Structure formats: structure tokens, C-alpha cells
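So the chains spell out like this:
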Amino acid sequence: MRCMTPTLDQEISIFSYSDAFYDDLCQLIIELQDYESKFNADRAEGKLVFKEYVQELLDDVHANQGDILMAKLDNAVVGCIAFFYEKDVLNKEGHIYISDLVVSEKARNQGIAQRLMEKVEEIAEEKKLALRVGVLANSPSAKFYEKMGFEVEVLELVKKVS
């Protein structure tokens, strides 16, 4: 898989979410949910849960000093990253939690996820906060985050009972 860098005529722009991009956000969340369902059979189909999930995401971002950054490539929204502040009473410091990062399948391998992450890193650095993210155990996403400098700190185990 080759990482393609956008050409000059394929400018990536990063901007904060506004309600004008609600439909784009919904489509990206549907795509993320459907992608994650490949790695977790318990995940609901994106089109069945996106409205409730997007509303919960917008509420979390608003209530916790967060933001959703959107990425445009050739005037089309192709990705987003949602993040917000979480207080961590056990470690005495808060952190920025990345709740969602998605790049549309048609725009992957062009450095868009990396650009979105770099913007959030700038915010975290400015606020002197660590970044945290959760990923599905068997998803290839973990490799991306490791490449971006993340390290495994906590493992969450699940046991299904009847």
C-alpha cells in the first residue's frame, strides 16, 4: 500500500465542524461504523445508529471543550477527527481524548489522517495535555497510532456472558 501525497491541485484543508457539514459528518460516521464492524461483529450497521451516535458525539464535544476537525480534499469533505477534554482524577491531570478519526475510503493513503492528528497534537501541546485514543483490538488502526507516537498504556478486556 503506497502513501500518496496530494498534489498542488489537491489541497487538503482542515477546519472546525459547523452544522453546515452535518450530512458530511454523518456519512463519515456511517463509514467508520461499517469499517469497524469488520473487526467487531457486535457493531451495528452504520446507517442504523449514526443519528444517535452523531448527536452523542456533538454533545460530548460541546460539553467537554472539544472540537471536530473536518478535512477537505478537492472541495469534498473526506475526513474528520473528534476530540474532547477528559478529566483524569487518578493521574491528577486531564487529557485530550480522540473519540473518532475517519478518512473516507476513497481518500485514504494521502496523508489526511496524519494531518488531522497533527492539528490535534498542536492543540494538545498548546494546552500541555497528553493525547489518548481507544482502538479495537484487532483493527489495523493501532499501527497508525503507534506510527504517530502512541504507546499502549491500558488494555481493556471484555467477556461476553449470557
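Student: It is not clear to me how the sheet that holds strand E5 (residues 130–133) should be interpreted in this structure. Could you clarify?
Tutor: Two modes of strand pairing occur in sheets, parallel and antiparallel, and in both the strands are linked by backbone hydrogen bonds. Overall, mixed pairing links the five strands, which are arranged E1-E2-E3-E4-E5 in an open sheet. Strands with a single pairing partner mark the edges of an open sheet, and in this sheet they are strand E1 (12–16) and E5. Going across the sheet, the axis of each strand differs from the next one's by a mean of 25°, ignoring polarity.

Student: Quick question: what am I supposed to make of the side chain of His95 here?
Tutor: Relative to the elements of secondary structure, His95 occurs in strand E4 (residues 95–103). In this structure the side chain of His95 is engaged in a polar contact, spanning 2.8 Å, whose partner is the side chain of Glu86. Within the local environment of His95, its side chain forms a polar contact with the side chain of Arg132, the two groups lying 3.4 Å apart. Contact partners of His95, with chain neighbours within four places excluded, come to Phe84, Tyr85, Glu86, Asp88, Leu129, Ala130 and Arg132.

Student: Quick question: what am I supposed to make of unusual backbone geometry here?
Tutor: Backbone geometry follows two general trends: most residues other than glycine have a negative phi, and most peptide bonds adopt the trans configuration. At Asn75, a position not held by glycine, the phi torsion is positive, near 65°. Inspection of the secondary structure assignment puts Asn75 in the loop between strand E2 (67–73) and strand E3 (76–86). Note on Asn75: relative accessible area 73%, which makes it exposed. For Lys128, which is not glycine, the phi dihedral falls at a positive 55°. Structurally, Lys128 is set in the loop between helix H3 (112–127) and E5. Taking relative accessible area as the criterion, Lys128 reaches 71% and is therefore assigned exposed.

Criteria and thresholds
- Residues numbered from 1 in each chain as written.
- Predicted model: local features only at pLDDT ≥ 70, side-chain atom pairs only at ≥ 80, totals over all residues.
- Heavy atoms only, no water.
- Pairing = 2+ DSSP bridges.
- Helix = DSSP H or I, 4+ residues; strand = E, 2+ residues; numbered from the N terminus.
- Axes fitted to C-alpha atoms, helices over the stretch in contact; angles between N-to-C directions.
- Polar contact = N/O pair within 3.5 Å; in protein donor to acceptor, adjacent residues only side chain to side chain.
- Contact = heavy atoms within 4.5 Å.
- Buried < 20%, exposed > 50% of the residue type's maximum accessible area, 1.4 Å probe, protein only.

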